[in-house]
Amino acid sequence: MRLIADGATPTSRLVLVEDLETDNGYVFELASPLFLAVGDRISFDDSRLVVVRANGERLLPAGEWSTGCGIRAGQRS
């Protein structure tokens, strides 16, 4: 599922996230899986993942950046 990390676009359904891959090949790997609820908004602030819940609660989940391998599951070269 494609998530928009602009801090303004809310998620449209419940999503279990283990990592987030950017369009330029970087991956933010969460220290533990995270459920994003309907209405949550995500963004990256100073290289940290920020989750703003629909009720205004702000979370800073632990994780680290890495580079993607270039081949995604289900794709063949």
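Quick caveat: nothing in here was measured; it's all calculated off a predicted structure. (Residues numbered from 1 in each chain as written. Predicted model: local features only at pLDDT ≥ 70, side-chain atom pairs only at ≥ 80, totals over all residues. Heavy atoms only, no water.)

This part covers a nonpolar patch on the surface. Together, Leu14, Leu16 and Phe35 make up a nonpolar patch on the protein surface, roughly 330 Å² of accessible area in all. By secondary structure assignment, the location of Leu16 is in strand β1 (residues 15-21). Residue class for Leu16 comes out partly exposed when judged on its relative accessible area of 48%. (Patch = residues over 30% accessible without salt bridge, like charges linked within 9 Å, V, L, I, M, F, W, Y side chains within 5 Å. Areas by Shrake-Rupley, 256 points an atom, 1.4 Å probe, with all protein chains shown as cover. Salt bridge = Lys/Arg side-chain N within 4 Å of Asp/Glu carboxyl O. Helix = DSSP H or I, 4+ residues; strand = E, 2+ residues; numbered from the N terminus. Buried < 20%, exposed > 50% of the residue type's maximum accessible area, 1.4 Å probe, protein only.)

The next subject is the sheet that holds β1. What links the strands of a sheet is backbone hydrogen bonding, and the strands pair in either a parallel or an antiparallel sense. The antiparallel open sheet is built from 3 strands, whose spatial order is β1-β2-β6. Edge positions in the sheet fall to β1 and β6 (63-67), since each of these pairs with one other strand and no more. Averaged over all pairs of adjacent strands, the angle between their axes in this sheet comes to 25 degrees, without regard to strand direction. Inspection of the sheet shows strand β2 (residues 26-36) paired to β6 by 5 bridges, in the antiparallel sense. Residue pairing across strands places Phe28 opposite Trp65, the latter belonging to β6. (Pairing = 2+ DSSP bridges. Axes fitted to C-alpha atoms, helices over the stretch in contact; angles between N-to-C directions.)

What follows concerns the sheet that holds strand β4 (residues 48-52). Pairing is antiparallel in the open sheet, where 3 strands are placed in the order β3-β4-β5. Every other strand in the sheet has two partners, leaving β3 (41-45) and β5 (58-59) as the edge strands with one partner each. Where β3 meets β4, 5 bridges bridge the pair, whose relative direction is antiparallel. Residue Asp45 lies in a different strand from β4, and its bridge partner there is Arg48.

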